[in-house]
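Tertiary structure, described
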Amino acid sequence: LKDQGLRTDGAEGTDLLAQAVTAYNAALEVLTHSEHPVHRAGTQNNLAIALQEQGIRTDGAQSTDLLAKAVTAYNAALKVDTRSDHPVDWAKTQNNLAAALKDQGIRTDGAQSTNLLAQAVTAYNDALEVRTRSDHPVQWAMTQKNIAIAQQAIATHATCTNPRPPLTAALAAAEAALTVYDPVHLSYYHAKATALRDGIQAQLNTLPPA
């Protein structure tokens, strides 16, 4: 149902995602933390993905509520998927958590937005403790690109009084991603990261000299 929903547009896709959320929550009634911690964590992560996609496709207060539920589910998964016991799963969930926090932040007003986006950057950087360039180069580059997007969102938010530091950090992260995303073997990702980098650089160019 989740995969169907992700591949379906409009109200039908949203309905399929809602059915997936219901089914995951039903499974969690049996997959308790005490008796099935690993399976529960995997289900929490999948539940969070469905909730996050619902939140992205929804507007207003409902959107932020669904994204908040996704963040809660990711954090629940992290109680089992610890860095010491499941480092790869921990890093993947940290990356997913960061994306949900970023989406929440973009859709939230005021100081709360800035706080959520900062939490997203922190979670992405936490993921990089395991997703190193030497061991997981593509995932490392993906996370760097995501950091660039979050930092750019911080810089362009109405509450930001000095966009230069987050834009500078965003540019560095985008350029880092491009050290892995080469134009021959990863052309799609290279094009996306290049466009992101160029957009950030253009924003920096409009700022007065430091």
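Anyway, here's the lowdown on the structure attached to this text. (Residues numbered from 1 in each chain as written. Predicted model: local features only at pLDDT ≥ 70, side-chain atom pairs only at ≥ 80, totals over all residues. Heavy atoms only, no water.)

Right, let's talk about the environment of glutamine 151 for a bit. Its place among the elements puts glutamine 151 in helix α7 (residues 137-156). Not counting residues up to four positions away in its chain, the partners in contact with glutamine 151 are Val121, Pro166, Ala169 and Ala170. (Helix = DSSP H or I, 4+ residues; strand = E, 2+ residues; numbered from the N terminus. Contact = heavy atoms within 4.5 Å.)

Tallied over the entire structure, the rule returns two aromatic pairs. With 5.3 Å between their ring centres and 25 degrees between their planes, tyrosine 181 and tyrosine 189 make a pair best called stacked. By relative accessible area, which is 1% here, tyrosine 181 ends up buried. For tyrosine 189, a relative accessible area of 38% puts it in the partly exposed group. Taking 5.4 Å as the distance between ring centres and 85 degrees as the angle between the ring planes, the aromatic pair formed by tyrosine 188 and tyrosine 189 counts as edge-to-face. The exposed category is assigned to tyrosine 188, whose relative accessible area is 54%. Clustering of aromatic rings is evident, with ring pairs tying together Tyr181, Tyr188 and Tyr189. (Phe/Tyr/Trp six-rings, centres within 6.5 Å; stacked < 30°, edge-to-face > 60°. Buried < 20%, exposed > 50% of the residue type's maximum accessible area, 1.4 Å probe, protein only.)

Roughly 230 Å³ of internal volume is contained in the largest pocket. If you go around the largest pocket, the residues you meet are Leu6, Ile49, Gln52, Glu53, Ile56, Tyr74, Asn95, Asn96, Ala99, Lys102, Tyr124 and Asn146. Every element with two or more residues in the lining of the largest pocket is listed here: α3 (37-56) and α5 (87-106). Split into classes, the residues belonging to the lining of the largest pocket amount to six nonpolar, four polar and two charged. (1 Å grid on protein atoms, 1.4 Å probe; cavity = no way out; pocket = protein on both sides within 12 Å on 5 of 7 lines; lining within 4 Å. Points joined across faces, edges and corners; volume = space filled by probe spheres on them. Nonpolar A, V, L, I, M, F, W, Y, C, P; charged D, E, K, R; others polar.)

Within the largest apolar cluster, 30 residues are counted, with the highest numbers of intra-cluster contacts made by Tyr124, Trp140, Ala141, Ala148, Tyr181 and Ile200. When residues of this core are traced back to their parent elements, those giving at least two are α5, α6 (110-127), α7, α8 (164-178) and α9 (187-205). Filtering out sequence-adjacent residues up to four positions away, tryptophan 140 remains in contact with Leu128, Arg131, Thr132, Arg133, Ala176, Thr179 and Val180. Among the nonpolar cores identified, the runner-up in size contains 23 residues, and Tyr24, Ala50, Ala100 and Ala120 belong to it. (Core = buried A, V, L, I, M, F, W, Y, C linked by side-chain atoms within 4.5 Å.)

Turning next to the packing of α6 against α7. The relative placement of two packed helices comes down to the angle between their axes together with the axis-to-axis distance. With their axes 9 Å apart at the nearest point, α6 and α7 run at an angle of 165 degrees to one another. The angle between α6 and α7 falls in the class roughly antiparallel. Judged by the sense of rotation from one axis to the other, the crossing of α6 with α7 is left-handed. Touching Leu117, Ala118, Val121, Tyr124, Asn125 and Ala127 of α6 are Thr143, Asn146, Ile147, Ala150, Gln151, Ala153 and Ile154, all from α7. Class assignment for the residues of the contact of α6 with α7 results in nine nonpolar, four polar and no charged. (Axes fitted to C-alpha atoms, helices over the stretch in contact; angles between N-to-C directions. Parallel < 35°, antiparallel > 145°, perpendicular 65-115°, else oblique. Left-handed = near helix turned anticlockwise from the far one by under 90°.)

Turning our eyes to something else, we now look at the side chain of glutamine 144. If you trace the backbone, glutamine 144 turns up in helix α7. The exposure class of glutamine 144 is buried, given its relative accessible area of 12%. What glutamine 144 contacts, discounting residues up to four positions off in sequence, is Leu128, Ala173, Ala176 and Ala177.

A word on the pattern of salt bridges. By the definition in use, this model includes eight salt bridges. Its salt-bridge partner being aspartate 103, residue lysine 102 comes within 3.5 Å of it at the nearest N-O pair. A residue is classified by how much of its surface remains accessible, and lysine 102, at 11% relative accessible area, is buried. Linking arginine 197 and aspartate 198 is a salt bridge whose minimum nitrogen-to-oxygen distance equals 3.0 Å. Residue classification places arginine 197 among the partly exposed residues on the basis of a relative accessible area of 27%. According to the relative accessible area criterion, aspartate 198 is partly exposed, its value standing at 41%. Each of Lys2, Asp3 and Arg7 takes part in a single network of salt bridges with overlapping partners. (Salt bridge = Lys/Arg side-chain N within 4 Å of Asp/Glu carboxyl O.)

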